[in-house]
Structure formats: structure tokens, C-alpha cells
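# Examining the three-dimensional arrangement
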Amino acid sequence: MNQDKKKKISEHLRTIAKQEGITENEVRNEIAYAVSIALKSKDPKIQNFWKMIPCEGETPTIEEIIDFIVTRMAAQQ
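Residues numbered from 1 in each chain as written. Predicted model: local features only at pLDDT ≥ 70, side-chain atom pairs only at ≥ 80, totals over all residues. Heavy atoms only, no water.

### Some details on the overall build of the protein chain
Our working definition: Only DSSP runs of H or I covering at least 4 residues are called helices, and only runs of E covering at least 2 are called strands; the numbering of each starts at the N terminus. For the exposure calls, accessible area comes from a 1.4 Å probe over protein chains only, and a residue counts as buried if that area is under 20% of its type's maximum, exposed if over 50%, partly exposed in between. For this analysis, residues touch if any pair of their heavy atoms sits within 4.5 Å. The accessible surface values rely on the Shrake-Rupley method and a 1.4 Å probe; as for residues, cover is taken only from the protein chains in view. Working convention for charge: Lys and Arg count positive, Asp and Glu count negative, and His plus the chain ends are omitted. For this purpose, a charge sits on NZ of Lys, CZ of Arg, CG of Asp or CD of Glu.
When helices and strands are tallied, the protein chain shows four helices and zero strands. Traced from its N-terminal end to its C-terminal end, the protein chain shows the element sequence α-α-α-α. With the principal axes as the frame, the protein chain shows a C-alpha extent of 35 × 25 × 25 Å. Taking all 77 residues of the protein chain together, the buried fraction comes to 21%. Contacts in the protein chain between residues at least 24 apart in sequence constitute 31% of all its contacts with a sequence separation of at least 6. For the protein chain, the exposed area adds up to about 6,000 Å²; of that, 56% sits on carbon and sulfur atoms. Of the charged side chains in the protein chain, 12 are positive and 12 negative, and the gap between their average positions amounts to 4 Å.

Here you go:
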């Protein structure tokens, strides 16, 4: 993922943090927690969803997940 996308996502996470009265790191931790739970799902549909997300490491980063979801949503409109 290019640096421009990472920067844009970080800006949005900071905006969410400000609206919620928490830090960007806390927003990231909440997302990471939700992702960790979802990654453990036994549901084949959910597992297939995770496999579709392109990632550089073993599991997708928050930025990779957000980029994937936003890109899919934009394509459906």
C-alpha cells in the first residue's frame, strides 16, 4: 500500500479519535481487538473474507483492512 493511502487512513483515524475523545492509538487498539476476534471465527464466509484481503504480512494491517473495505464499497456504488 502506498504512503498516501496510509497517511489518509491515519488522518481519518485521528478524526474518529477526536470525535470519540480518545487517542488515535486507542482507536487502532479497538479496531485491532475487533479484528483479532473476527480472525478467529469458524464461519467459512468470514474466513473467506479475510483471505480476500491483500496483505504484506501473515495477517492484514488495519490500513490494509480499511483500504480493502473502502475500495470494495466504492466499486459497488
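What follows continues from the structure just given.
### Quick word on the environment of Arg14
Here Arg14 is to be found in helix 1 (residues 3–20). Each C-alpha atom, one on Arg14 and one on Arg28, is 9.7 Å from the other, the two residues being 14 residues apart in sequence.

### What to know about helix 2 (residues 24–39)
Note the following rule: The span you would expect from a helix comes to 1.5 Å times its residue count less one. By construction, the arc corresponds to the directions joining the helix axis to the C-beta atoms.
The terminal C-alpha atoms of helix 2, which comprises 16 residues, lie 22 Å apart, in line with the 22 Å expected from a rise of 1.5 Å per residue. Where helix 2 is concerned, the buried positions are Glu24, Val27, Arg28 and Val35. The arc that holds the buried residues of helix 2, viewed along the axis, is 95°, so those residues lie on one side. In helix 2, the exposed positions that point more than 90 degrees away from the buried face belong to Glu30 and Tyr33. Where helix 2 is buried, its residues meet helix 1, helix 3 (44–52) and helix 4 (62–76).

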